[in-house]
Amino acid sequence: MRAFQLVHAQKPPELREVPVPDPGPGQVLVKVGGAGACHSDLHLMEAPAERLPKLPFTIGHENAGWVEKLGPGATGFAPGDPVMVYGPWGCGLCANCREGKENYCQKTGGLGGGLGGHDGGMAEYLLVPASRFLIPLGTLDPREAAPLSDAGLTSYHAVKRSLDLLGPGSTAVVIGAGGLGQMAIQMLRALSAAAVVAVDTSADKLTTAKRLGADEGLLSGEEAVTRIKDMTRGQGAELVLDMVGVDPTLRMAAQVARVLGHLTIVGLGGGALPVDFSSPPHECSVASPYWGSIPELMEVITLAQQQKIKMLVEGFPLERAGEAYQLLHDGKIQGRAVVTPHP
Ligand code: NAD
Ligand code: ZN
Ligand code: ZN
């Protein structure tokens, strides 16, 4: 089969011919329907060799498809079932895994296929280590649903931990209205009473953000800070989600968050948040959530089935995976690029 693999650090991945994996005991082979192109893959492609796991490996950690073959003893699914693949693959036995929080596995750290150690989904088939990582998709099409497993789940987890702050009259700011940000905006709309403010450097992304339910779209910069302060009578926002994570966005996040608020860093832009006694504001909690839990992914799938959230998907055949990432890099993907090996 063909697989889109990272072969050399800091070089573009390559489409290579590799054997179709045969599922061993408990494992499941999934025929890939969709594999989303996440901005984290761009960070991975830019990382130096010493920060990467063993090469080569197939990238793609945002996957959905159809069950192709069950290994000996694997249960719960039948060939042809449409499934979502939960991405962080834990040990299943530590305290966090037993709560379904395999993103915080105490043994594996929650790394899954496509992030090193295991091959990911930008290939014709994906080997999944256990059927507990599969969730039935019901009526959802794997080609459309794939981004829910990361852009959806990560945003959901980040929003959900702050819901008790987001009553009527509250404000949530989403910095970076790309794949993750667009999901967060729709979830804030569906689950909270907060006014939603999107901030981005791209006017196009702000138009999309408003179409998806944002009350305001502001270009990144000083004026956005002033406007958010005005909107919140000088208090700042209850929740600020930074989906970029570079120095300027983190600085802005601290300026627009309020006392007792939440400042949540989701973007892996490599910036640092300056912290002193009065900034971020007093008793504003800072968190850096990573992905989400298995039960949360089931909730995200329910929201999509209820048509309360929908990703703007642009499909690419496997041979155009490199082009999809180039477009993502250049800011030219409006929602999410999804590689569809079986269109
Ligand atoms: P994306 O490229 O689809 O979206 C990023 C958006 O940020 C774009 O709309 C871009 O215009 C905007 N942007 C860039 N610089 C900006 C700035 N200075 N101010 C405001 N907006 C700016 O990326 P994505 O796939 O949504 O990923 C977003 C980030 O989240 C990435 O850093 C990614 O690695 C990270 N991520 C983290 C997790 C996690 O578990 N914490 C999971 C998935 C992705
Ligand atoms: Zn990702
Ligand atoms: Zn574990």
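The structure under discussion appears in the preceding block.
Residues numbered from 1 in each chain as written. Chains lettered and ligands numbered in written order. Predicted model: local features only at pLDDT ≥ 70, side-chain atom pairs only at ≥ 80, totals over all residues. Heavy atoms only, no water.

**Brief notes about the site of ligand 1**
Rules: Here, proximity means that at least one heavy atom of the residue falls within 4 Å of the molecule or strand. Definition of a polar contact: a pair of N or O atoms within 3.5 Å, with one able to donate and the other able to accept a hydrogen when the atoms are protein atoms, and with sequence-neighbouring residues admitted only if both atoms are side-chain atoms. With residues, only the protein chains shown are counted as cover, and all accessible areas are computed by Shrake-Rupley using a 1.4 Å probe. Strands here are runs of E lasting at least two residues and helices are runs of H or I lasting at least four, both read from the DSSP assignment and numbered beginning at the N terminus. Classification used: nonpolar for Ala, Val, Leu, Ile, Met, Phe, Trp, Tyr, Cys and Pro, charged for Asp, Glu, Lys and Arg, polar for all others including Gly.
As a matter of local geometry, ligand 1 sits amid 28 residues, with His39, Ser40, Asp200, Ser220 and Arg336 nearest to it. In the environment of ligand 1, an oxygen atom lies 2.9 Å from a nitrogen or oxygen atom belonging to the side chain of histidine 43. Note that a nitrogen atom of ligand 1 is positioned 3.1 Å from one of the backbone N or O atoms of valine 266. Here ligand 1, which alone exposes 870 Å², has 88% of that area covered by the protein. The set of elements that each furnish at least two residues to the shell around ligand 1 consists of helix 1 (39-46), helix 5 (179-191) and strand 10 (195-200). Considering every element that reaches the shell around ligand 1, the biggest residue donor is helix 1, with three residues. Looking at the shell around ligand 1 residue by residue, the class counts come to 13 nonpolar, eleven polar and four charged.

**Re the nonpolar core**
Which entries qualify depends on this criterion: For our purposes a nonpolar core is just a set of buried Ala, Val, Leu, Ile, Met, Phe, Trp, Tyr and Cys residues, chained together by side-chain atoms within 4.5 Å. Partly exposed residues are those whose accessible area sits between 20% and 50% of the maximum for their type, while under 20% is buried and over 50% is exposed, using a 1.4 Å probe and protein chains only.
Among the nonpolar cores identified, the biggest contains 79 residues, and Ile59, Met84, Met122, Leu134, Leu148 and Tyr325 are the most heavily contacted of them. Residues Val225, Ala237, Ala253 and Ala254 belong to the second largest nonpolar core, which totals 20 residues.

**Some thoughts on unusual backbone geometry**
Going from leucine 55 to proline 56, the amide bond is cis rather than trans, its omega being -5°. Locating proline 56 in the fold gives a position in the loop between helix 1 and strand 4 (57-58). Cis peptide bonds are those with omega within 30 degrees of zero, and the linkage from serine 279 to proline 280 qualifies with -10°. Within the element layout of this structure, proline 280 appears in the loop between strand 13 (257-265) and strand 14 (285-287). We note that glutamine 10 has phi near 60°; this positive angle belongs to a residue other than glycine. Within the element layout of this structure, glutamine 10 appears in the loop between strand 1 (2-6) and strand 2 (14-17).

**Considering the coordination of the zinc ion (ligand 3)**
Quick note on the threshold: Metal donors: N, O and S atoms at distances within 2.8 Å, or within 3.2 Å for Na, K and Ca, with water omitted from the atom set so that some sites may seem incomplete. All geometry calls rest on donor angles, where a four-donor set with angles between 85 and 135 degrees is tetrahedral, four- and six-donor sets with opposite donors more than 155 degrees apart and all others between 65 and 115 are square planar and octahedral, and all else is irregular.
Around the zinc ion (ligand 3), the protein supplies Cys91 (SG), Cys94 (SG), Cys97 (SG) and Cys105 (SG) as donor atoms, at distances of 2.3 to 2.4 Å. Considering all four donor atoms around the zinc ion (ligand 3), angles at the metal cover 102 to 118° and the coordination shape is tetrahedral. Each donor residue of the zinc ion (ligand 3) lies on one chain, and together they are spaced C-x2-C-x2-C-x7-C. Cysteine 105 carries the same exposure label as cysteine 97, and that label is buried.

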